[in-house]
Amino acid sequence: MSRILAPITPCPIEFMTERSGQSHPIILVGENDQSFFSEDTVAATWAKANHFTGKCGDILIVPDNDGTVSKVYLGFGDGNDVFAIGNLFKQLPEGDWHFEHLPENALNLFLGLALGSYKFARYLEITGNKKIRITLPADIDKTELKRLIETTFFVRDLINTPTNDMQPDTIEEAIRELGRTYSATVTSIWGDDLLKQNFPMVHAVGRAGSVAPRVIDLRWGDENHPKVTLVGKGVAFDSGGLDIKSANGMLLMKKDMGGAANVMGLAKLIMDAKLPIRLRLIVPAVENSISGNAFRPGDVLKSRKGLTVEIGNTDAEGRLILADALAYGDEEKPDYLFDMATLTGAARVALGPDVPPFYCNNNELGQIISRISMEIQDPLWQLPLWKPYQKKLSSRIADLNNVTTDGFAGSITAALFLQKFVDQAANWAHFDIYGWTPAEKPAFPIGGEAQGIRALYTILKGL
Ligand code: BES
Ligand code: MN
Ligand code: ZN
């Protein structure tokens, strides 16, 4: 029964601070910019023969007279999409490399390069990685770069790991491992203790799972620093419960702990960078499964906060476990309460997989999140906590229903549901993420994805 927590996928690129004698240049070329070839007519002719125009992400390998690799020209387009060169690792010949003509926001360029080199290989036989060493320019913070790479790989690994190896107890073990690495305290309330400690909805959603449901709680940092509490939806697998999903709808549901994986990544960034923050990470971890003791449509649950919830649909389970976890986090009046969750299909219909919507009870903070997220290319888009829709969550026999009858504005009504359980935190923001890259992009291979955590980390650094 015991599931092993695998080590984080290592980055196959070695980043160096000193250039070796054998280092070859990678020359960034803007689209249709011939000036880079001016001194090298051989390269210019070679580029023409290969239809290399400097289109973002295109690569031109130029050989020496003896046929060995001399240098590489790398298309950089208009320079606006630094992640578009994420393909480079796959195309680059083995060896030592350094960049020429680097733009200003070069950290993201190296990040994109590294993110594109990720491969989830836990269940594959690996036949040795090619050896690529890249020298960083002096103004790049190598520690920060490695921190962002390792954290993204950590989040991707957690999501990519299938449920047979990533159950609620494995999520707990991953959080305990974080605690050991960064000297944080980790506690867990599980099984029937959830009832004694008043997490009735976490218990109800998770009790049919083969592994006990739990609420995992990590604390770190100086009590005098601003209190930041992170909450993540940890549904190890979402079958839909008795309102069972279709085969297609269930296929990707190992990723329904993507919110938990992402806040775990954000916590890792915060602790690794030793930000002056009193951090708390709360993860309700369950499997939304089917059994004789599963919660049912029509059941009325009493939440931790006291509000009663009529179950209109057992597949709207994320908001139930988050409601108890948010209420729990809210009790100590944090300065910032952030939750991340793969909460609704409606968020994808609205904005697609790459732009997670978020909601914030403080419009000023909401605008900061919007601006920073776009600046650092970790996009987030604010949607309104539109009060008039609240009444669509009403129930005749309980304080709330967990779903609306018409399904309109599904991501907004889910956010409004959560808002009912937060009232003491100074600032609250909720992120309805997808946590998955469904179509290959240069720096983003198909699979689990970190979303929004670089943006939040950047904002928290600036507190
Ligand atoms: N985990 C799903 C949401 C989801 C589905 C995210 C597909 C990403 C991709 C969530 O628990 C769910 O099932 N939501 C329902 C809510 C509905 C029953 C109100 C949904 O979105 O269909
Ligand atoms: Mn569901
Ligand atoms: Zn779910």
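Treat the numbers as computed from the prediction; the structure is a model and nothing was measured.

Go over the environment of isoleucine 26, please, and point to the residues and values.
Within the element layout of this structure, isoleucine 26 appears in strand β2 (residues 24–29). Looking at isoleucine 26, the relative accessible area reads 0%, which means it is buried. In this structure the C-alpha to C-alpha distance between isoleucine 26 and serine 70, which are 44 residues apart in sequence, comes to 9.7 Å. When near neighbours in sequence (up to four residues on either side) are disregarded, isoleucine 26 contacts Val72, Leu74, Leu88, Leu92, Trp97, His98, Phe99 and Glu100.

Can you explain the domain arrangement of the protein? Please cite residues and give values.
Annotation of the protein at the domain level lists domain 1 (13–140) and domain 2 (147–461). The distance between the C-alpha centroids of domain 1 and domain 2 comes to 38 Å. If you look at the interface, domain 1 gives 21 residues, while domain 2 gives 18 residues. Contact between domain 1 and domain 2 buries roughly 1600 Å² in total, counting both sides, with carbon and sulfur atoms accounting for 62%. Area buried by domain 1 at its contact with domain 2 is led by Phe83, Leu115 and Tyr118, which between them contribute 40% of it. For the interface between domain 1 and domain 2, the tally reads two salt bridges. Here lysine 90 makes a salt bridge to glutamate 440, at a shortest N to O gap of 3.8 Å. Between the two partners, domain 1 and domain 2, sit seven residue pairs in polar contact (both at pLDDT 80 or more). Broken down by element, the residue count for the side of domain 1 that touches domain 2 peaks at six residues, all from helix α3 (residues 106–115). Looking at the side of domain 1 that touches domain 2 residue by residue, the class counts come to 11 nonpolar, seven polar and three charged.

Account for the site of ligand 1, with residues named and values stated.
Around ligand 1 sit 16 residues, and of these Lys245, Asp256, Asp315, Glu317 and Gly345 come closest. In this structure, aspartate 315 approaches ligand 1 through a side-chain N or O atom, which is 2.8 Å from an oxygen atom. Within the side chain of glutamate 317, a nitrogen or oxygen atom sits 2.8 Å from an oxygen atom of ligand 1. For ligand 1, whose accessible area on its own is 520 Å², the fraction buried by protein is 77%. Residues of the shell around ligand 1, tallied by class, amount to four nonpolar, four polar and eight charged.

Break down a nonpolar patch on the surface for me, citing the residues and quoting the values.
Residues Leu242, Ile244 and Ile290 make up a contiguous nonpolar surface patch of roughly 260 Å² in combined accessible area. Within the element layout of this structure, isoleucine 290 appears in the loop between β11 (278–288) and β12 (300–302). The exposure class of isoleucine 290 is partly exposed, given its relative accessible area of 39%.

So what's going on with the coordination of the manganese ion (ligand 2)? Which residues, and what values?
Ideal values differ by geometry: the angle at a metal is 109.5 degrees with four tetrahedral donors, but 90 or 180 degrees with six octahedral donors. Coordination sphere of the manganese ion (ligand 2), protein contribution only: Asp238 (OD), Asp315 (O), Asp315 (OD) and Glu317 (OE), at 2.0 to 2.2 Å. Around the manganese ion (ligand 2), the six donor atoms are arranged such that angles at the metal cover 72 to 168°; this shape is classified as irregular. Here the donor residues of the manganese ion (ligand 2) share one chain and are spaced in sequence as D-x76-D-x1-E. The zinc ion (ligand 3) is placed at 3.2 Å from the manganese ion (ligand 2), the two being bridged by aspartate 238.

If you had to explain the pattern of salt bridges to someone new, which residues and values would you point to?
Side chains bearing opposite charge may pair, as long as their charged atoms lie close to each other. The full count for this structure, using the stated rule, is 31 salt bridges. Across the pair aspartate 165 and arginine 122 runs a salt bridge whose closest N-O atoms are separated by 3.6 Å. With aspartate 165 in the loop between α4 (142–160) and α5 (168–182) and arginine 122 in the loop between α3 and β6 (132–135), the pair connects residues that are 43 residues apart, well separated along the chain. One salt bridge in this structure joins arginine 180 and glutamate 177, with 2.9 Å as the shortest N-O distance. Here glutamate 177 and arginine 180 lie together in helix α5, a separation of three residues that amounts to about one turn. A relative accessible area of 35% means that glutamate 177 is categorised as partly exposed. Overlapping salt bridges bring together Asp217, Arg219, Glu223, Arg278, Arg280 and Glu332 as one network.

Give a description of unusual backbone geometry that names residues and reports values.
The phi torsion at asparagine 32 lies on the positive side, around 55°, for a residue other than glycine. Take asparagine 32: it is sitting in the loop between β2 and α1 (41–49).

Conventions used here
Residues numbered from 1 in each chain as written. Chains lettered and ligands numbered in written order. Predicted model: local features only at pLDDT ≥ 70, side-chain atom pairs only at ≥ 80, totals over all residues. Heavy atoms only, no water. Helix = DSSP H or I, 4+ residues; strand = E, 2+ residues; numbered from the N terminus. Buried < 20%, exposed > 50% of the residue type's maximum accessible area, 1.4 Å probe, protein only. Contact = heavy atoms within 4.5 Å. Domains from an automatic or database assignment. Buried area = accessible area lost by both parts, 1.4 Å probe. Salt bridge = Lys/Arg side-chain N within 4 Å of Asp/Glu carboxyl O. Polar contact = N/O pair within 3.5 Å; in protein donor to acceptor, adjacent residues only side chain to side chain. Nonpolar A, V, L, I, M, F, W, Y, C, P; charged D, E, K, R; others polar. Near = heavy atom within 4 Å. Areas by Shrake-Rupley, 256 points an atom, 1.4 Å probe, with all protein chains shown as cover. Patch = residues over 30% accessible without salt bridge, like charges linked within 9 Å, V, L, I, M, F, W, Y side chains within 5 Å. Donors = N, O, S within 2.8 Å, 3.2 Å for Na, K, Ca; no water. Tetrahedral: all angles 85-135°; square planar, octahedral: opposite > 155°, others 65-115°.

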